[in-house]
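Listed below are the residues making up each chain.
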Amino acid sequence: MILFLGNGFIGNALSENLTLNKIAHRIISSSIEDNPPDRIQADIKIVLANPAILQDVETAVYFAH
């Protein structure tokens, strides 16, 4: 599982590519308009306070904006 912290242009483009290639991933961002299954609306403080969110995560990528 790959975890992206960020929901901007780069994160969304990479997410589309990974989805096409059937690579499991999730996006966590404080600014998500809708809530599809692979996206979690939260900020980094919530992620750090809830370790269950990081279950099955092997790689985290932070797209700073």
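For the structure itself, look to the data block above.
Residues numbered from 1 in each chain as written. Predicted model: local features only at pLDDT ≥ 70, side-chain atom pairs only at ≥ 80, totals over all residues. Heavy atoms only, no water.

Asker: Any chance you could explain the overall build of the chain here in plain terms?
Answerer: When helices and strands are tallied, the chain shows 2 helices and 4 strands. Burial status across the chain gives 31% buried among its 65 residues. Within the chain, counting contacts between residues at least 6 apart in sequence, those at least 24 apart form 42% of the total. As presented, the chain carries roughly 4600 Å² of accessible surface, and 58% of it is formed by carbon and sulfur atoms. (Helix = DSSP H or I, 4+ residues; strand = E, 2+ residues; numbered from the N terminus. Buried < 20%, exposed > 50% of the residue type's maximum accessible area, 1.4 Å probe, protein only. Contact = heavy atoms within 4.5 Å. Areas by Shrake-Rupley, 256 points an atom, 1.4 Å probe, with all protein chains shown as cover.)

Asker: Even after reading the chapter, I still don't get the pairing of strand β2 (residues 25-29), so can you show me in this structure?
Answerer: Side-chain positions along a regular strand alternate between the two faces of the sheet. When you tally the buried positions in β2, you get 5 out of 5 residues, the bulk of the element. For the handedness criterion, the β-α-β arrangement of strand β1 (residues 2-5), helix α1 (residues 9-20) and β2 is classed as right-handed. Strand direction decides the pairing type here: β2 and strand β3 (residues 39-41), joined by 3 bridges, are parallel. Considered in β3, the bridge of I28 is made with I40. (Right-handed = clockwise from strand over helix to strand, strands pointing away. Pairing = 2+ DSSP bridges.)

Asker: In this structure, what is going on with the sheet that holds β3? I would like to understand it.
Answerer: Pairing between the strands of a sheet is mediated by backbone hydrogen bonds and can be parallel or antiparallel. The strand order across the open sheet formed by 4 strands is β3-β2-β1-β4, and the pairing between neighbours is parallel. Strand pairing shows two members of the sheet lacking a second neighbour, β3 and β4 (59-62), which therefore form its edges. Averaged over all pairs of adjacent strands, the angle between their axes in this sheet comes to 20°, without regard to strand direction. Two elements, β1 and β4, share 4 bridges in a ladder whose sense is parallel. (Axes fitted to C-alpha atoms, helices over the stretch in contact; angles between N-to-C directions.)

Asker: Any chance you could explain the environment of H25 here in plain terms?
Answerer: Along the chain, H25 turns up in strand β2. H25 sits in the buried class, given a relative accessible area of 7%. Along the primary structure H25 and D38 are separated by 13 residues, whereas in three dimensions their C-alpha atoms are 6.8 Å apart. With near-sequence residues (within four places) excluded, H25 lies in contact with M1, I2, F4, S15, L18, T19 and D38. Of note is the side chain of H25, whose polar atom sits 2.7 Å from the side chain of S15. A distance of 2.9 Å separates a polar side-chain atom of H25 from the backbone oxygen of I23. (Polar contact = N/O pair within 3.5 Å; in protein donor to acceptor, adjacent residues only side chain to side chain.)

Asker: Would you explain α1 in this entry?
Answerer: Given 3.6 residues per helical turn, the α-helix brings residues three or four places apart onto the same face. Between its first and last C-alpha atoms α1 spans 17 Å; for 12 residues at 1.5 Å apiece the expected length is 16 Å, and the two agree. Where α1 is concerned, the buried positions are G11, S15 and L18. Along α1, the residues classed as buried sweep out an arc of 65° about the axis, all on the same side. Facing away from the buried side of α1, by more than 90 degrees, are the exposed residues F9, I10, E16 and L20. Packing partners of the buried residues in α1 comprise β1, β2 and β3. (Expected span 1.5 Å × (residues − 1). Arc of directions from axis to C-beta.)

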